[in-house]
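Structure at a glance
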Amino acid sequence: MTTDDAGSFGVAFPGQGNKRPAVIDALRTHRAHPLVAAFLDRFGDDPEALDLNDTTIAQPATYAAGIAAVQATYGERPAVPLVIGHSLGELTAAACAGVIDVWDGFRLAVRRGEVSREHGRPGVMVAIMGARGPAIEWLRRNAIARTGGVLEVAGFNGSRQTVLTGDRPTADAAKVLAGTMELLAEVLPIGGSFHSPLLADALPHWRTEVEAVPFARSRSVYVSTADAEVHEDPEEIRELLIRALLLPVRWIDAVHTVRAAGIHQLYDAGPGNGLTKLGRREGVVRFAPLPAPAKADRAEAAVEALT
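Everything numeric here is computed off the predicted structure, so don't read it as measured data. (Residues numbered from 1 in each chain as written. Predicted model: local features only at pLDDT ≥ 70, side-chain atom pairs only at ≥ 80, totals over all residues. Heavy atoms only, no water.)

Next up on the list: the sheet that holds strand E2 (residues 82-85). Strand order in the open sheet formed by six strands is E8-E7-E2-E1-E9-E10, and the pairing between neighbours is mixed. Every interior strand has two partners, whereas the edge strands, strand E8 (230-231) and strand E10 (286-289), have only one. The pairing of strand E7 (residues 221-223) with E8 spans two bridges and is antiparallel. Note on E8: the bridge partner recorded for Tyr222 is His231. Along the sheet face, helix H4 (residues 89-96) touches strand E1 (10-13), E2 and E7 and points at about 160° away from the line of E2. (Pairing = 2+ DSSP bridges. Helix = DSSP H or I, 4+ residues; strand = E, 2+ residues; numbered from the N terminus. Contact = heavy atoms within 4.5 Å. Axes fitted to C-alpha atoms, helices over the stretch in contact; angles between N-to-C directions.)

Written out as structure tokens, the structure reads:
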């Protein structure tokens, strides 16, 4: 499942670390969508009052808003040539591509947050900007040496942005070291140490949840950010969604895979424009917000060209 049509495109779905105003705006915009309505009915009707630092709320909010946005543009059964998701966004991408039912995906988004909080060890995530691999490893290893704690790479977002995840004392040590190295460090609004060994105890519970859901063959080219490869086998996608709880997000490698598949345009389904900002820094493919619904007919033609 590849395409070399320069006019083809994909849709990208973010993880939960979005700016609060963007999530609130997305929920308000799509509040009539059944998934968003179900989310608000469960967690509170006023988006402004939601605690979006609570991962058990932020994850289903991000999922529901992403599905609502893409369905508003491309219809209930989106005809999208390629999908890709960052962290939690892999779940949204799977639902968009028909690998899982959208309601099963919503329930998994809820449970992903719950099992991580209930069974994972506390931790934080911090983005380090302005350094490449060797400098990141120097910073990471020195922070661990100071505390004896856990600090792993959670995400390779770009050539000069890496996300680290671990216990708070070691993450705080990393922030201090980043300052001495003239690097920018930002703690992300994510309630947990995702993509690290601190969630190892949550993994069996997450596996039970994912294995209880039917998986089908993808309607779209599915690029996993757990291994930066294209996958068609639904059981392979299932296993990657399970393992992604601990594995780092290989975002920039996966974007190169998108380009190698012949896709030159990725639309950011949001909420917010975090993936667009990442993409524009790297310039591997073009990033833009989802097109207006009136332009969505191009999607069906693109998919027909693939089949």
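Here we take up the packing of aromatic side chains. The way to describe two aromatic rings as a pair is by their centre distance and the angle between their planes. Across all of its chains, the model carries six aromatic pairs by this definition. In this structure an aromatic cluster arises from ring pairing among Phe9, Tyr74 and Tyr267. (Phe/Tyr/Trp six-rings, centres within 6.5 Å; stacked < 30°, edge-to-face > 60°.)

Our focus in this paragraph is the confidence of the model for the protein chain. In regions of low pLDDT, the predicted coordinates are not meant to be interpreted in detail. Averaged over all residues, the pLDDT of the protein chain is 92; the fraction at 70 or higher stands at 93%. Ignoring residues within four places in sequence, the model shows residues 1-7, a span with pLDDT below 50, making 19 contacts including any to other chains. (pLDDT = per-residue confidence, 0-100.)

This part covers the environment of Arg28. For Arg28, the position within the fold is in helix H1 (residues 20-29). Remark: the alpha-carbon pair of Arg28 and Glu48, spanning 20 residues in sequence, is separated by 9.4 Å. Those residues in contact with Arg28, other than ones at most four positions away along the chain, are Asp46, Pro47 and Glu48.

When two helices pack together, their arrangement is given by the angle between their axes and by how far apart the axes lie. Their axes nearest at 8 Å, the elements helix H2 (residues 34-43) and helix H3 (residues 55-74) cross at an angle of 160°. Taken together, the axes of H2 and H3 lie roughly antiparallel to each other. Along this stretch, H2 crosses H3, giving a crossing that reads as left-handed. On H3, the residues touching Leu35, Val36, Phe39 and Phe43 of H2 are Thr56, Ile57, Pro60, Ala61, Tyr63, Ala64, Ala65, Ile67 and Ala68. Looking at the contact of H2 with H3 residue by residue, the classes come out as 12 nonpolar, one polar and no charged. (Parallel < 35°, antiparallel > 145°, perpendicular 65-115°, else oblique. Left-handed = near helix turned anticlockwise from the far one by under 90°. Nonpolar A, V, L, I, M, F, W, Y, C, P; charged D, E, K, R; others polar.)

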